[in-house]
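Topology and contacts: notes
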Amino acid sequence: MIFKGMQNRAALAPMAGVADRAMRELCMTQGASFCCGEMVSAKGVSMGDRKSARLMALAPDERPAGIQLFGREPACFRVAARAALQHNPDFIDINMGCPAPKIAGQGGGAALMREPGLAEQIVLATADALRQAGSDIPVSVKLRAGWDEGSRNAVELAKRCEAAGAAWITVHGRTRQQMYAPPVDVESIRAVKEAVSLPVIGNGDVTDGPSAAAMLEAAGCDMVMVGRGAMGRPWVFRQIEAYLRDGTLLPEPGAARRMRVMLEHVRLLCEYKGDTIGMREARKHAAWYIKGLRGAARLRAEVVSLRTMEELREIAERVIAIEDEVGAI
């Protein structure tokens, strides 16, 4: 295991605009092995940007937790790595997998896979900055299978990252060009695992216990990382843990429990970000929580215009009432 004492083999993926403090804390209480904050611009940190600094904050209830940096300038990573230490992260992750145009289009994220030499220098700079600061926290890397079908170079990049001082590697089994559409290619993850001596985490299409077990078996990886499969479903980590332990298939929670978890999630959002921002961000989370429940289609229009906790509680009560009514028939 990557961290001493970890019980589960499923971690929460860093997701910009989704995996904030509220979600990270909730997923950790539901059995996630570790989590990672939303990606932070190394350049922004090096220039003293306040928003970037705020994104690095980590709380006691989300440990072990890391800070993920993105960018393309080794010098900025040096500064950002030292600045990150003020927040006592358990590790620092380097983003070499984000496919978003605003990140990759600027040469960061998955675009680094087209420049293996530069990617290696970034890992070296980050690890060296931590050593010089007297820190022994690990540096990890999250990458993809490649940039496109013509440049599947995850193995080459993983070897470079290992040589530069990376402690583990997470591989999303799709190219940047594929984004999130086709089924994940587990062979690209297995190839990396066979090429390096580091722990390798498989990422992509893990949504429950069976899919986690399938990823671990087919890719031969050490752990899995859950991203979109945890949106509106933080209990997925308990489901994965139970299935990997003894094959137990924990069912999806009923409407009442889902709504209780949703309300707690939004309460945390409002506590940490204030009611205005919290309720605005609650809209997407609420839509994920009610997905698949009876009456969700009719409630979706209300969810996307939420303004207060009272409105959300009223929606939650209606969802539960609908399920109770159907169950009584």
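Residues numbered from 1 in each chain as written. Predicted model: local features only at pLDDT ≥ 70, side-chain atom pairs only at ≥ 80, totals over all residues. Heavy atoms only, no water.

**Concerning the overall build of the protein**
Helices and strands together make up the secondary structure of the protein, namely 14 helices and nine strands. For the protein, the spread of C-alpha atoms along the three principal axes comes to 65 × 45 × 40 Å. Within the protein, the proportion of its 329 residues that are buried is 55%. Expressed as a percentage of contacts within the protein between residues at least 6 apart in sequence, the contacts between residues at least 24 apart total 67%. Of the roughly 14,100 Å² that the protein leaves accessible, carbon and sulfur atoms contribute 51%. Of the side-chain charges in the protein, 43 are positive and 39 negative, and the distance between the mean point of each set is 3 Å. (Helix = DSSP H or I, 4+ residues; strand = E, 2+ residues; numbered from the N terminus. Buried < 20%, exposed > 50% of the residue type's maximum accessible area, 1.4 Å probe, protein only. Contact = heavy atoms within 4.5 Å. Areas by Shrake-Rupley, 256 points an atom, 1.4 Å probe, with all protein chains shown as cover. Lys, Arg positive; Asp, Glu negative; His and termini not counted. Charge placed at Lys NZ, Arg CZ, Asp CG, Glu CD.)

**Section: a positive patch on the surface**
The grouping of Arg50, Lys51, Arg54 and Lys102 at the surface amounts to a positive patch. Sorting elements by how many residues they give to the positive patch places helix 3 (residues 50-55) first, with three residues. By the element assignment, Arg54 lies in helix 3. The class of Arg54 is exposed, set by a relative accessible area of 58%. (Patch = residues over 30% accessible without salt bridge, like charges linked within 9 Å, V, L, I, M, F, W, Y side chains within 5 Å. Salt bridge = Lys/Arg side-chain N within 4 Å of Asp/Glu carboxyl O.)

**A short note on the pattern of salt bridges**
Counted under the stated rule, the structure contains 24 salt bridges. Bridged by salt links that share partners, the residues Asp20, Lys273 and Glu281 form one connected network.

**Thoughts on the environment of Arg318**
Inspection of the secondary structure puts Arg318 in helix 14 (residues 309-328). Given the relative accessible area of 27%, Arg318 is considered partly exposed. For the pair Arg318 and Leu299, spaced 19 residues apart in sequence, the C-alpha separation works out to 9.2 Å. Excluding residues that lie within four positions of it along the chain, Arg318 makes contacts with Leu299 and Glu302. A distance of 2.7 Å separates the side chain of Arg318 from the side chain of Glu314, its partner in a polar contact. (Polar contact = N/O pair within 3.5 Å; in protein donor to acceptor, adjacent residues only side chain to side chain.)

**Looking at the packing of aromatic side chains**
Remark: the centre distance and the inter-plane angle together describe each pair of aromatic rings, the angle taken between the planes. Summed over the entire model, instances satisfying the criterion amount to four aromatic pairs. An aromatic cluster of three or more residues is present, and its members are Phe34, Phe91 and Trp168. Stacked on the ring of Tyr272, the Lys or Arg Arg21 has its end atom at 3.7 Å from the ring centre. One Lys or Arg, Arg114, reaches over the ring of Trp147 and ends 3.9 Å from the middle of that ring. (Phe/Tyr/Trp six-rings, centres within 6.5 Å; stacked < 30°, edge-to-face > 60°. Lys NZ or Arg CZ within 6 Å of the ring centre and 35° of its normal.)

**Here we look at the pairing of strand 9 (residues 223-226)**
In strand 9, alternate side chains face the same way, and those of Met223 and Met225 on one face and Val224 and Val226 on the other are all buried. Alignment of strand 8 (residues 200-203) against strand 9, held across three bridges, turns out to be parallel. Of the residues in strand 9, the one forming a bridge with Ile201 is Met223. (Pairing = 2+ DSSP bridges.)

**Considering empty space enclosed by the protein**
Any empty space left between the atoms is revealed when a probe the size of a water molecule rolls over them. What the rule picks out here adds up to one cavity of 30 Å³ or more. Looking at the lining of the largest cavity, the elements that each hand over two or more residues are strand 5 (91-96), strand 6 (139-146) and strand 7 (168-175). The residue inventory of the lining of the largest cavity, partitioned by class, reads six nonpolar, three polar and two charged. (1 Å grid on protein atoms, 1.4 Å probe; cavity = no way out; pocket = protein on both sides within 12 Å on 5 of 7 lines; lining within 4 Å. Points joined across faces, edges and corners; volume = space filled by probe spheres on them. Nonpolar A, V, L, I, M, F, W, Y, C, P; charged D, E, K, R; others polar.)

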